[in-house]
Amino acid sequence: MYVEIKSSGQKPPDNQLKLGHQNDGSGGYYPIIANTPHGRIPGKGQCGKGWYPFGNKEHIAHDFYFIKCNPGHSVRLQKSNFPPEPGLIRGHQKDRGTVYSVLCHHTGHGKIPGKSDGKTAWYSYGGKEHQTRDFSYIVIQPPQSYPQPYCPPQAYYPPQPQYPPQPQYPPQAQYPPQPQYPPQPPPYYAPSEETPAYPGFPGGYAPAPASPAPPQGLAHGMKVRFRCTKTNKNIRLTNANMVDGHGGNGKFATFQVHVLGPGQYCFQNAVGGWLAVKGNRGTGTSVYRDPDTFFLLHLNPGDGSVSLECQSCPGWFLAVKRDGSTKVIWAERKPSTKFFPQIVQ
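Residues numbered from 1 in each chain as written. Predicted model: local features only at pLDDT ≥ 70, side-chain atom pairs only at ≥ 80, totals over all residues. Heavy atoms only, no water.

## Here we look at the layout of surface pockets
What counts here: Only protein atoms enter the calculation, which uses a 1 Å grid: trapped sets of points that fit a 1.4 Å probe without letting it out are cavities, open sets showing protein on both sides within 12 Å along at least five of seven lines are pockets, and any residue with an atom within 4 Å of a point is a lining residue. Grid points are joined across faces, edges and corners, and a volume is the space filled by probe spheres set on the points. Under the scheme used here, helices are H or I runs from DSSP no shorter than 4 residues and strands are E runs no shorter than 2 residues, and both carry numbers assigned from the N terminus. Three residue categories are used. Nonpolar comprises Ala, Val, Leu, Ile, Met, Phe, Trp, Tyr, Cys and Pro, charged comprises Asp, Glu, Lys and Arg, and polar comprises the others, including Gly.
Its boundaries defined by the atoms lining it, the largest pocket holds a volume of some 760 Å³. Lys18, Asn241, Lys278, Thr283 and Gly284 are the residues nearest the centre of the largest pocket, which is lined by 32 residues in total. Where the lining of the largest pocket is concerned, the elements lending two or more residues are strand E2 (20-22) and strand E23 (281-285). If one sorts the elements of the lining of the largest pocket by residue count, E23 sits on top with four residues. Taken together, the residues that form the lining of the largest pocket break down as six nonpolar, 22 polar and four charged.

## Things to note about the pattern of salt bridges
Formally: By salt bridge we mean one thing: a side-chain nitrogen of Lys or Arg within 4 Å of a carboxyl oxygen of Asp or Glu. A simple rule labels every residue: compare its accessible area, found with a 1.4 Å probe on the protein chains alone, to the largest value its type can have, and call it buried under 20%, exposed over 50%, or partly exposed in between.
Tallied over the entire structure, the rule returns 12 salt bridges. For the salt bridge of lysine 6 with aspartate 63, the shortest nitrogen-to-oxygen distance reads 2.4 Å. With lysine 6 in strand E1 (residues 2-6) and aspartate 63 in the loop between strand E6 (57-60) and strand E7 (64-69), the pair connects residues that are 57 residues apart, well separated along the chain. By relative accessible area, which is 43% here, lysine 6 ends up partly exposed.

## Quick word on the nonpolar core
The cut-off we apply is this: Residues belong to a common nonpolar core when they are buried Ala, Val, Leu, Ile, Met, Phe, Trp, Tyr or Cys residues joined through side-chain atoms within 4.5 Å. In what follows, a contact means two residues having at least one pair of non-hydrogen atoms within 4.5 Å.
By size, the foremost hydrophobic cluster in this structure holds 23 residues, and its most contacted members are Phe226, Ile235, Phe267 and Leu275. If you list the elements that add at least two residues to this core, you get strand E17 (223-228), strand E18 (234-237), strand E20 (255-261), strand E21 (264-269), strand E22 (274-278), strand E24 (295-300), strand E25 (305-310) and strand E26 (316-320). Setting aside residues up to four positions removed in sequence, leucine 275 forms contacts with Leu237, Val243, Phe255, Phe267, Thr283, Asp292, Thr293, Phe295, Leu308 and Leu318. In this structure, Ile33, Ala61, Val75 and Ile138 belong to the second largest nonpolar core, which totals 21 residues.

## Quick word on the packing of aromatic side chains
Definition in use: In summary, the pairing rule links any two rings of Phe, Tyr or Trp, Trp by its six-membered ring, whose centres are within 6.5 Å, and it sorts them by plane angle into stacked for under 30 degrees, edge-to-face for over 60 and tilted for everything else.
One pass over the structure, following the stated rule, counts 10 aromatic pairs. Centre to centre, the rings of tyrosine 100 and tyrosine 137 are 6.1 Å apart; their planes meet at 80°, and the pair counts as edge-to-face. Taken together, the positions of tyrosine 100 in strand E10 (residues 97-104) and tyrosine 137 in strand E14 (residues 135-141) put the pair 37 residues apart, joining distant regions of the chain. As far as burial versus exposure is concerned, tyrosine 100 and tyrosine 137 are alike and both buried. Taken together, Phe226, Tyr265, Phe267 and Phe295 form an aromatic cluster joined through their ring pairs.

## What to know about the environment of glycine 9
Inspection of the secondary structure assignment puts glycine 9 in the loop between E1 and E2. Separated by 37 residues in the primary sequence, glycine 9 and glutamine 46 have C-alpha atoms spaced 9.2 Å apart. Apart from residues no more than four positions distant in its own chain, glycine 9 is found in contact with Cys47 and Gly48.

## Concerning the pairing of strand E9 (residues 90-93)
Note the threshold: We call two strands paired when DSSP finds no fewer than two bridges between them.
Because side chains alternate across E9, one face comprises the buried residues Gly91 and Gln93, and the other comprises Arg90 and His92, none of which is buried. Sheet analysis places strand E4 (residues 39-46) next to E9, joined by two bridges and oriented antiparallel. Looking at E9, one finds that arginine 40 is bridged to histidine 92. Here E9 pairs with E10 via four bridges, running antiparallel. Residue pairing across strands places arginine 90 opposite tyrosine 100, the latter belonging to E10.

## Quick word on the pairing of E24
Two strands pair when backbone bridges link them, and E21 and E24 are joined in this way by two bridges, in the antiparallel orientation. If you follow glutamine 264 over to E24, its bridge partner there is leucine 296. As paired strands, E24 and E25 are joined by six bridges and run antiparallel to one another. By the bridge assignment for E25, phenylalanine 295 is matched with cysteine 310. In textbook terms, the turn of a hairpin is the stretch between consecutive antiparallel strands, and for E24 and E25 this stretch comprises four residues, one of which, glycine 304, has a positive phi near 75°.

Structure below.
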């Protein structure tokens, strides 16, 4: 499933495991296994630095190992009332027994790698050991293999007798082609706060919003862009995992729809990034089925727009401000939380 790589000041070996971050702006964090007088304890680490929680304190790890997945393996986060098997990253604490590497959610300090005994989790921050019950196991899973479908033998039918050809009737009269009428111009809508005027259109009128959301929602595999009401441009997710409202029609702003259940979706752009909400802002991730990438789709029938409710923090909606930056808004569908979907053919 994975191997342990001893840290000697080098860059962490597997970017799939860059799962954590702290709200103090100190960068991304990786799960580690620290060799300590108290046992092999899971903790958090960066390039050449490691920390682990023990005895109500945060300790510096002087001897620790990074985790690297075997070729073809991938990483997923799983919430469970008991340790799922197999694929867990294990350690051992002398006073507690087996402990597992986990990611602690919604801590107030960020999403931080730590340890768990299967019931409670602990992480280190600010010189102290903190406790939480909101955590996910870090699971290393092997490549997916699918069995070949079984094809039952087809029934054999004997050849049917050939009947003599039927007489051919004379062709019917051909009517002259009907006149072609000129195409009608597309409809126009007066500009408003929700649909501001496009530059270059006569009379200050804006075109009709592109491809309103179908009443049954978005279909699995569909490609879509989301136009922001504040910037009049599309949401985009860059290679640096930055989300803003200044996108065009390219690969960073074109998302493929993944349906998780009734009204629940994930959105992956054309370069492989997943739209997510972490903390109080929009961001991106490369982790498949990260809970922060789950959205509940709300249709706004009044104007054909949609709103995206964050499932990792229910009741909070993704919003784009007038300057193009993102935030989350509690339980109120303001214009900044409304997006006009454009279905890409």
